[in-house]
Amino acid sequence: MFSSTTLLGAIIAVALVFYALGGGADFGGGIWDLLAGSGAETVRAAVYWDQVQPTGPGDLNFTATDPIFLAAAQRGVAVLPVVQGTPLWAAKNPYDPGSPPRDNEDFARFLTALVTRYGPNGSLWVSHPDVTPQPVRSWQIWNEPNLTRYWNVAPWAPSYVAL
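Residues numbered from 1 in each chain as written. Predicted model: local features only at pLDDT ≥ 70, side-chain atom pairs only at ≥ 80, totals over all residues. Heavy atoms only, no water.

A word on helix α2 (residues 29-37). Taken as a whole, α2 has its buried residues at Ile31, Trp32 and Leu35. Across the axial projection of α2, the buried residues extend over an arc of 100°, all falling on one side. Exposed and oriented more than 90 degrees from the buried face of α2 are Gly30 and Gly37. Looking one or two residues past α2, Gly39 carries a phi angle of roughly 100°, positive in sign. (Buried < 20%, exposed > 50% of the residue type's maximum accessible area, 1.4 Å probe, protein only. Helix = DSSP H or I, 4+ residues; strand = E, 2+ residues; numbered from the N terminus. Arc of directions from axis to C-beta.)

Quick look at the structure:
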């Protein structure tokens, strides 16, 4: 049984992780330790496509996302990535943060890059042999596509399902 202090700390940790991880924030190991110590087994974290591939399909920059996966793995916590955020070069409606991709194949290639990095036998785990791998086996595709804030095409379902 958790004490009220531990439970409150866990709630705060979960709230901070939910809020801060979306931007790739590195707020230190203490929050991760509190989260893992609370008994959490999985953390949901946003992976923004426009942060990882800001300038084109050949540009992959995992500096915002690697710390999330490594910190979680070091504590035995799985990550459920929420993949979202179309970069300008791939957007159906550039400069609208809720734009879906213009070409679903661009998104498919991006997901392939993520699986190659964070999935079973992923390059992140190979390059960090000191960390017990926590390969991602489940992915959430987009956040709340029914809201135009996240997906600005209406009706949203046909284009989201096609993705």
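Averaged over the protein chain, the pLDDT score is 87; the fraction of residues at 70 or greater is 83%. Per-element confidence in the protein chain is highest for helix α6 (residues 123-127), whose mean pLDDT is 98, and lowest for helix α1 (residues 4-20), whose mean pLDDT is 50. (pLDDT = per-residue confidence, 0-100.)

Before going further, it helps to spend a moment on the sheet that holds strand β3 (residues 140-141). An order of β1-β2-β3 is seen for the 3 strands of this open sheet, with the pairing classed as parallel. The open sheet terminates on both sides in strands that have one partner only, identified here as β1 (42-48) and β3. Pairing between β1 and strand β2 (residues 78-84): 7 bridges, direction parallel. Following the sheet pairing, Ala46 is matched in β2 by Val82. This element, helix α4 (residues 66-74), spans β1 and β2 of the sheet and lies at about 160° to β2. (Pairing = 2+ DSSP bridges. Contact = heavy atoms within 4.5 Å. Axes fitted to C-alpha atoms, helices over the stretch in contact; angles between N-to-C directions.)

Empty space left among the atoms is revealed by rolling a probe the size of a water molecule over them. Approximately 250 Å³ is the volume attributed to the second largest pocket. Along the wall of the second largest pocket there are 17 residues; nearest its centre are Asp50, Gly85, Thr86, Asp96 and Pro97. Of the residues belonging to the lining of the second largest pocket, the class tally is 9 nonpolar, 5 polar and 3 charged. (1 Å grid on protein atoms, 1.4 Å probe; cavity = no way out; pocket = protein on both sides within 12 Å on 5 of 7 lines; lining within 4 Å. Points joined across faces, edges and corners; volume = space filled by probe spheres on them. Nonpolar A, V, L, I, M, F, W, Y, C, P; charged D, E, K, R; others polar.)

Our focus in this paragraph is the pairing of β2. Burial analysis of β2 places 5 of its 7 residues in the buried class, the great majority of the element. By the bridge criterion, 2 bridges tie β2 to β3 in an arrangement that is parallel. Bridging across to β3, Val82 finds its partner in Gln140.

The next subject is the environment of His128. Note that His128 resides in the loop between α6 and β3. Measuring from C-alpha to C-alpha, the distance between His128 and Leu70 comes to 8.6 Å, with 58 residues separating the pair along the chain. For His128, the side chain forms a polar contact with the side chain of Ser127, separated by 3.2 Å. (Polar contact = N/O pair within 3.5 Å; in protein donor to acceptor, adjacent residues only side chain to side chain.)

We now examine α4. In terms of residue burial, α4 counts as a mostly covered element, since 7 of its 9 residues are buried. Among the residues of α4, Asp66, Ile68, Phe69, Leu70, Ala71, Ala72 and Ala73 are the ones counted as buried. Where α4 is buried, its residues touch α2, β1, β2, α5 (104-118) and α6.

Moving on, we come to the packing of aromatic side chains. For the structure shown, the criterion picks out 9 aromatic pairs. Where Trp49 meets Phe110, the ring centres are 5.6 Å apart and the plane angle is 20°; that geometry is what we call stacked. Pair noted here: Trp49 is in helix α3 (residues 49-52) and Phe110 is in helix α5, with a separation of 61 residues, a long-range link. We classify Trp49 as buried; its relative accessible area is 0%. Among the residues examined, Phe110 registers a relative accessible area of 1% and is labelled buried. When the ring of Phe62 is compared with that of Tyr118, the centres are 5.8 Å apart and the planes differ by 85°; the resulting orientation is edge-to-face. Taken together, the residues Phe62 in the loop between α3 and α4 and Tyr118 in helix α5 connect sequence positions 56 residues apart. On the basis of relative accessibility, which here comes to 13%, the residue Phe62 falls in the buried class. In textbook terms, an aromatic cluster arises when at least three aromatic residues are bridged by ring pairs, as seen for Trp49, Trp89, Phe107, Phe110, Trp142, Trp151, Trp156 and Tyr160. (Phe/Tyr/Trp six-rings, centres within 6.5 Å; stacked < 30°, edge-to-face > 60°.)

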